[in-house]
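# Per-entry structural report
Each chain, written out:
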Amino acid sequence: MPELPQQQVAELNLTDVSRVRTVEELGRLLRTLRRREARTREGAELTYRHLAARAGWSHAVVAAYLTGKTLPPTDRFDTLIQLLGATRAEQGALATARDRVEESRRQHALSARGNGLPVPRQLPADVPGFIGRRTELAHLDQLLTARAGRSATVTIAAITGTAGVGKTALAVHWAHRARHRFPHGQLYADLRGFSPDPPVPPERILDGYLTALGVPPQHLPPDLDSKAALYRSLLDGKRMLVVADNAVSPEQIRPLLPAAPGCLVLVTSRNAMTGLVARDRAHRFSLDVLPVNDSVALLAGFLGEDRITAEPSAAVEVARLCACLPVALCAAGERAAAQPELTLADLAKELVASDRRLDLLDAGDDRRTAVREVFSWSYRRLLPDAARLFRALGRYQHTWLDRSTVAKLAGVPLEEAGRLVETLVSASLLQLDRPDHYRLHDLLRAYATELVDEPRPGAARPATEPA
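The present account deals with the structure reproduced in this document. (Residues numbered from 1 in each chain as written. Predicted model: local features only at pLDDT ≥ 70, side-chain atom pairs only at ≥ 80, totals over all residues. Heavy atoms only, no water.)

### Considering the sheet that holds strand β6 (residues 400–401)
- Pairing is antiparallel in the open sheet, where 3 strands are placed in the order β6-β8-β7. Of all the strands in the sheet, the pair left with one neighbour each is β6 and β7 (431–434).
- In this sheet, strand β8 (residues 437–439) lies alongside β7 in antiparallel orientation, the contact comprising 3 bridges. Directly across from Leu432, in β8, lies its bridge partner Tyr438. (Pairing = 2+ DSSP bridges. Helix = DSSP H or I, 4+ residues; strand = E, 2+ residues; numbered from the N terminus.)

Encoded structure:
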């Protein structure tokens, strides 16, 4: 599209505006507005830095908008054309042109998908030898049936629970079972909410999702709102399964939510995701440790039925000493499998020594399956007062406690004790079984005990101390 002559100061030719189809053409319009604004003032053109200062953006972002390299989000585009002196009539026509460019990009992405791009199938491999969780699987299946009766909202399921309880295993296993119900594909991302690495910002997750949906890298929008808008557009009318694994907060999840009622979003998190339940109507499934029978069956997957049958009582004892926690059961199963001469009775005796239990459940060089390391990712995210309470629980050797007990342990008033307890419950570091009746499973207590004498950064295990 030709740029307006330098001497023209009148309103933009709305016919020319109506012909805009690309970001480059939109950028030329913005430059034309900038020149006209300068002539109207009888001064120099506003520089990128001047515009950036007025709008509160970086000058690099303004440059990307004016050179036609990046499509501004709707709100920024409106601000920019006002700064450049667009009249009311021009503002409406320019906003329509901007929306037309966005729609053209969306159609391009959809066309690319129809021209041979594979349907995204991003699920990790199913969990080998998946054990139990029949009730939870049935409840997730019921969501599919309930979803069919809804017409306006996306379905969100949040699987929550303590570290190592098997949230990801359940999500991935169910996703494989249900994948045929989502013919337009499955998207997956590890959000690293609790891991050795920092949480992944939603912008990066959306870049991966949009690329999988056929958007070329050079057409990826520049900011979170634009990415989320394009993502929702591409999923409109689709039946897509989105698995957001290991989330840290609802804020990390919300930009990943499609608007299409045919989609289902499956979230896993150690946090309770209260905001996602309250505001976004997520269906929460709080995952507990495995029953003893399923725990023994999980051990049998590593050791074979013969070793379990030879020592059934010892197998039950090992399961209980692992708190029936899947990550610990897997570590114990691998340890026993690697040492065929080690009887389950001997393994149980080793695990009874609580000061060594977490060492014995260390999966070698795999930080993601070492029980102590897995626990530490939850502990590190606690605020200092909640972290102090968790350490104090290491001195409490009974199974159950209430708020008055917590108040004594932490040396705080009862009301403050209630707040701290709710923080630990929300972080899945303490479990509420009934009103004012809380419990801490044995492995978390062993971890808390290790931290009792390490209250300061720089102590023996500085990496586990919250900032």
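### Section: the sheet that holds strand β1 (residues 155–161)
- The parallel open sheet is built from 5 strands, whose spatial order is β2-β3-β4-β1-β5. Edge positions in the open sheet fall to β2 (186–190) and β5 (283–287), since each of these has one partner strand only. Averaged over all neighbouring strand pairs, the angle between strand axes comes to 15°, with direction disregarded.
- Two strands pair when backbone bridges link them, and β2 and strand β3 (residues 241–247) are joined in this way by 5 bridges, in the parallel orientation. Bridging from a neighbouring strand, Leu187 pairs with Val242 of β3. (Axes fitted to C-alpha atoms, helices over the stretch in contact; angles between N-to-C directions.)

### A closer look at the pattern of salt bridges
- Per the stated rule, a full pass over the model turns up 17 salt bridges.
- As a salt-bridge pair, Asp294 and Arg134 come within 3.4 Å of each other at their nearest N and O atoms. Of the two residues, Asp294 sits in helix α13 (residues 292–303) while Arg134 sits in helix α7 (residues 134–148), which places them 160 residues apart along the sequence.
- Look at Arg134 and you get exposed, because its relative accessible area is 57%. (Salt bridge = Lys/Arg side-chain N within 4 Å of Asp/Glu carboxyl O. Buried < 20%, exposed > 50% of the residue type's maximum accessible area, 1.4 Å probe, protein only.)

### With respect to empty space enclosed by the protein
- Scanning all chains against the criterion turns up 2 cavities of 30 Å³ or more.
- There is about 70 Å³ of room inside the largest cavity.
- If you go around the largest cavity, the residues you meet are Leu71, Arg98, Glu102, Arg105, Pro221, Pro222, Ser226 and Leu230.
- Residue assignment for the lining of the largest cavity shows that the elements contributing at least two residues are α6 (88–114) and α10 (224–235).
- Broken down by element, the residue count for the lining of the largest cavity peaks at 3 residues, all from α6.
- Tallied by class, residues from the lining of the largest cavity come to 4 nonpolar, 1 polar and 3 charged. (1 Å grid on protein atoms, 1.4 Å probe; cavity = no way out; pocket = protein on both sides within 12 Å on 5 of 7 lines; lining within 4 Å. Points joined across faces, edges and corners; volume = space filled by probe spheres on them. Nonpolar A, V, L, I, M, F, W, Y, C, P; charged D, E, K, R; others polar.)

### Examining the layout of surface pockets
- What the second largest pocket holds in volume is close to 490 Å³.
- As for the second largest pocket, its lining consists of 23 residues, and the residues nearest its centre are Ser286, Val425, Ser428, Leu430 and Gln431.
- Mapped onto the lining of the second largest pocket, the elements with two or more residues apiece are β1, β5, α22 (414–426) and β7.
- Of the residues contributing to the lining of the second largest pocket, the split by class is 10 nonpolar, 9 polar and 4 charged.

### Description of helix α23 (residues 442–451)
- Judged by how many residues are buried, α23 sits mostly within the fold: 8 of 10 residues are covered.
- Of the residues making up α23, those classed as buried are Leu443, Leu444, Arg445, Ala446, Tyr447, Ala448, Glu450 and Leu451.

### A closer look at the packing of helix α20 (residues 384–393) against α23
- Running from amino to carboxyl end, α20 crosses α23 at an angle of 105°, the nearest separation of the two axes being 6 Å. Taken together, the axes of α20 and α23 are roughly perpendicular relative to one another. Across the interface between the two elements, Phe390, Arg391 and Leu393 of α20 pack against Leu444, Arg445, Tyr447, Ala448 and Leu451 of α23.
- Partitioning the contact of α20 with α23 into residue classes produces 6 nonpolar, no polar and 2 charged. (Parallel < 35°, antiparallel > 145°, perpendicular 65-115°, else oblique. Contact = heavy atoms within 4.5 Å.)

Read these as spatial facts, not as claims about activity.
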